[in-house]
Amino acid sequence: MPLPLLETLNPEQRAAVTLPHASALILAGAGSGKTRVLTTRMAWLIQTGQVSPLGVLAVTFTNKAAKEMLTRISAMLPINTRGMWVGTFHGLSNRLLRTHWREAGLPQSFQILDSADQLSAIKRLLKSLNVDTERYEPKKVQWFINGNKEAGRRARDADADAYDEYSMRMAELYEAYDAQCQREGVADFAELLLRSYELLYRNEPLRQHYQDRFRHILIDEFQDTNTLQYRWLKLFAGPHTALFAVGDDDQSIYAFRGANTANMAEFEREFAHGNVIKLEQNYRSHGNILTAANTLISQNAHRLGKNLWTVEGDGEPIRVFNAYSDQDEASFVVDEVRALNREDVALSDMALLYRSNAQSRVLEHALFSASVPYRVYGGLRFFERQEIKHALAYLRLLTNPEDDGAFLRVVNFPARGIGARTLEQLADGAARAGTSLWQAACTGGGKVAGFAKLIESIRQATRDLPLAEAIDHVIEASGLADYYRADKEGADRLENLNELINAAALFSEESASADAVGAAVAPEASVSAETTQPELERFLAHAALEAGEHQAGAGHDALQLMTVHAAKGLEFHAVFITGLEEGLFPHEQSAHEENGLEEERRLMYVAITRARRRLYLSHAQSRMLHGQVRYGLPSRFLDELPEQVLLPLNRRSESAASPGYRAPAPMPRSQGQSGNDTGYKVGQSVAHAKFGTGIIIDFEGRGPDARVQVKFRDAGTKWLALAYARLSPA
DNA sequence: CCTCAGCTGTTTTTT
DNA sequence: ACAGCTGAGG
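Everything quoted here is computed from the prediction, not taken from an experiment.

Draft legend 1. Structural detail: the side chain of Thr241. With respect to the element layout, Thr241 can be found in the loop between α11 (227-236) and β7 (242-247). Classification of Thr241 as buried rests on a relative accessible area of 9%. A distance of 2.8 Å separates a polar side-chain atom of Thr241 from the backbone oxygen of Phe214. Polar contacts involving the side chain of Thr241 include one to the main-chain amide nitrogen of Gly238, which spans 2.9 Å. The contacts of Thr241, once residues within four sequence positions are left out, are His21, Ser23, Gln211, Phe214, Arg215, His216, Ile217 and Phe236.

Draft legend 2. Structural context of the protein's contact with DNA strand C. The environment of DNA strand C is formed by Arg361, Met624, His626 and Gly627. Of all atoms in DNA strand C that approach within 4 Å of the protein, 43% are sugar or phosphate atoms. Interatomic distance of 3.2 Å between a side-chain N/O atom of Arg361 and a phosphate oxygen of DNA strand C. Tallied by class, the residues present in the surface near DNA strand C amount to one nonpolar, two polar and one charged.

Draft legend 3. How the structure looks around the packing of aromatic side chains. Considering all chains together, one arrives at 27 aromatic pairs under this definition. Centre to centre, the rings of Tyr254 and Phe256 are 5.9 Å apart; their planes meet at 45°, and the pair counts as tilted. One Lys or Arg, Lys234, reaches over the ring of Tyr230 and ends 4.5 Å from the middle of that ring. Here the basic side chain of Arg257 rests over the ring of Tyr254, its NZ or CZ set 3.7 Å away from the ring centre.

Draft legend 4. Highlighting the confidence of the model for chain A. Of all residues in chain A, 85% attain a pLDDT of 70 or more, and the chain-wide mean is 84. Highest mean pLDDT in chain A belongs to strand β13 (residues 572-577) (97); lowest belongs to strand β20 (residues 720-724) (39). Scored below 50 in pLDDT, residues 698-730 makes 124 contacts in the model with residues more than four places away or belonging to other chains.

Draft legend 5. Up close: the protein's contact with DNA strand B. Near DNA strand B, the surroundings consist of 27 residues, among which Arg355, Ile418, Gly419, Thr563 and Glu593 are the closest. By atom count, sugar and phosphate contribute 55% of the portion of DNA strand B lying within 4 Å of the protein. Within the side chain of His90, an N or O atom sits 3.4 Å from a base oxygen of DNA strand B. Ile418 places a main-chain nitrogen or oxygen 2.7 Å from a phosphate oxygen of DNA strand B. For the surface near DNA strand B, the residue count by class is eight nonpolar, 15 polar and four charged.

Draft legend 6. Quick peek at unusual backbone geometry. The step from Phe413 to Pro414 runs through a cis peptide bond, and the omega angle for that step is -5°. Cis geometry marks the peptide bond from Phe585 to Pro586; its omega dihedral reads 10°. Within the element layout of this structure, Pro586 appears in the loop between β13 and α27 (596-608). For Asn130, which is not glycine, the phi dihedral falls at a positive 55°. Mapped onto the fold, Asn130 is located in the loop between α5 (115-128) and α6 (138-150).

Rules used in this analysis
- Residues numbered from 1 in each chain as written.
- Chains lettered and ligands numbered in written order.
- Predicted model: local features only at pLDDT ≥ 70, side-chain atom pairs only at ≥ 80, totals over all residues.
- Heavy atoms only, no water.
- Helix = DSSP H or I, 4+ residues; strand = E, 2+ residues; numbered from the N terminus.
- Buried < 20%, exposed > 50% of the residue type's maximum accessible area, 1.4 Å probe, protein only.
- Polar contact = N/O pair within 3.5 Å; in protein donor to acceptor, adjacent residues only side chain to side chain.
- Contact = heavy atoms within 4.5 Å.
- Near = heavy atom within 4 Å.
- Nonpolar A, V, L, I, M, F, W, Y, C, P; charged D, E, K, R; others polar.
- Phe/Tyr/Trp six-rings, centres within 6.5 Å; stacked < 30°, edge-to-face > 60°.
- Lys NZ or Arg CZ within 6 Å of the ring centre and 35° of its normal.
- pLDDT = per-residue confidence, 0-100.

And the structure:
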């Protein structure tokens, strides 16, 4: 049957999409149309009536990928995606646990701990047990617990395998931590997965139900699955389920956090049975870039084996720049970016990549001085900001007063004169009575009881309010708003709190419209619990699980700065890979890890394959590192590339930038002055043709040609731009 | 309770 | 270099 869905696919892609009802492994190289195959497969299965939308389970690692998948499916098919099980491992686990909270042994309104919450919970635990935190560092304990959970191991398993006093103690702490979480009604990220795994493992009827339901399971980025995730998938797969796993072993860059590439080989043995399709045609990059990538990765011993090709020509050579210093490297990048931008390559179509976040500072500085708009990815995310976490802690306390973590976070913020002394007594009382801090506070007196009354009154006042209004009330009544209003540095934070209210309003709106269509589609009994769950609880789960999604700041044309890890899955016209020096990339730490160098090489492979047309590789002879000048050798990865595709750039002469360019000397600053002759004032709101609205934070120079440093704030993202004074009052 | 000086450890990161 | 945390002192 000639389906329009399949028309634009190449033969391999089409073969993958139209595979019969059996498990298969798709080895999809970088830029080979991986997501396209996955979503088209899903659409094809549904359109040809082989499965109903509710019989599909599709799993991804990031919310972004899940959203993308749903968007593409809606574009291909006129169906409601609501009710479909498409999401991240954690999102779907949460969904399962909310539906079957009783069977899973969780309180109905359990809260989710993000990494920071988890760490503070661990610190609190260690303190209460009087553990020596020099010997048992909180971070190490966290790492131990998560590592075990991600391998599917509970405290008793860890204890059974403990070979020395240290690991036995660690296992004890793991057990105590889980007990604390259970008491407080909270679950960390790994717990969501492990708990839902155990739920299905132990509860046969439930397992049967889901295995019967899901005829097709599709998994994206399969090379990134860890042991527990793979087992989780296998539990959902019944005898009549076909698994469709898409992945690229060469792009496995998360082994350091438990991803297990061996899962791919194992999957082939257990499920695919030789049903393997390779997608090797690359639609992204020109030939030279692919040649470089192929040659580099071929030097890894542990591979399933794959070679990318393209019908495009060789394209441009890969430019290699040898800089004197990190600053020299930065100014080279600035020159090239500006030259390309003049040739009409959008800034947002260029990426500046580095191995570690610390490297961005020098680059940012150079871009800032040259007034090149840029955006750094991977900073603090919206829901991880302190003011947001404070507000959320109040909300958590409303739904689950047993949550000691939330209690401690806000009991004295804003300050209410409840100090360490008082809290110690309260904790003692709670421990003796075997209750939560909240209960101890309710029965006690003094300032602590006052806090309990405050929370109680907020609970009464917000009971019948719509979500956004309730949050607004919490922010006011808790004193958070006044606190930040009084703080002269608090304007940004206040704005973020307002943004939280907006986010809540948006959340309500979206879930309302989704419910309206959802009701018509899936009157499935087991799912009904999701919609009856209070909106506040769903919003809190959303905030914990999608902390990164609320990232504003897109929309303006800006150069993209990020780590190589963050660049996975993206593509750009031009890519700069900086800091290609031994010790940095490959990172020296990797030398001490098993197969560490191969992972670094895969990382380099990912970096190279982000580029469509132009690729720059640069290294610096000297670099400021940990406050000292370090002299590094060029990365071995440069030697591993075929010479015929490389073009060594001499400094400036062959670069596209104007010869003899010098970064302008810094002009005298008139910091904090408002009475200058530009006609503007610090703190004034201005409009810029390109960047939108912003606030002036500084001036450089004087007169009409003075440079005005403006902070263009996109909902709290760190985004600065230096603009010339072609501004108008907003 | 709050502030500031001194100490420490600095890959990558999603959920 | 620098951020983030701890402990002493106001």
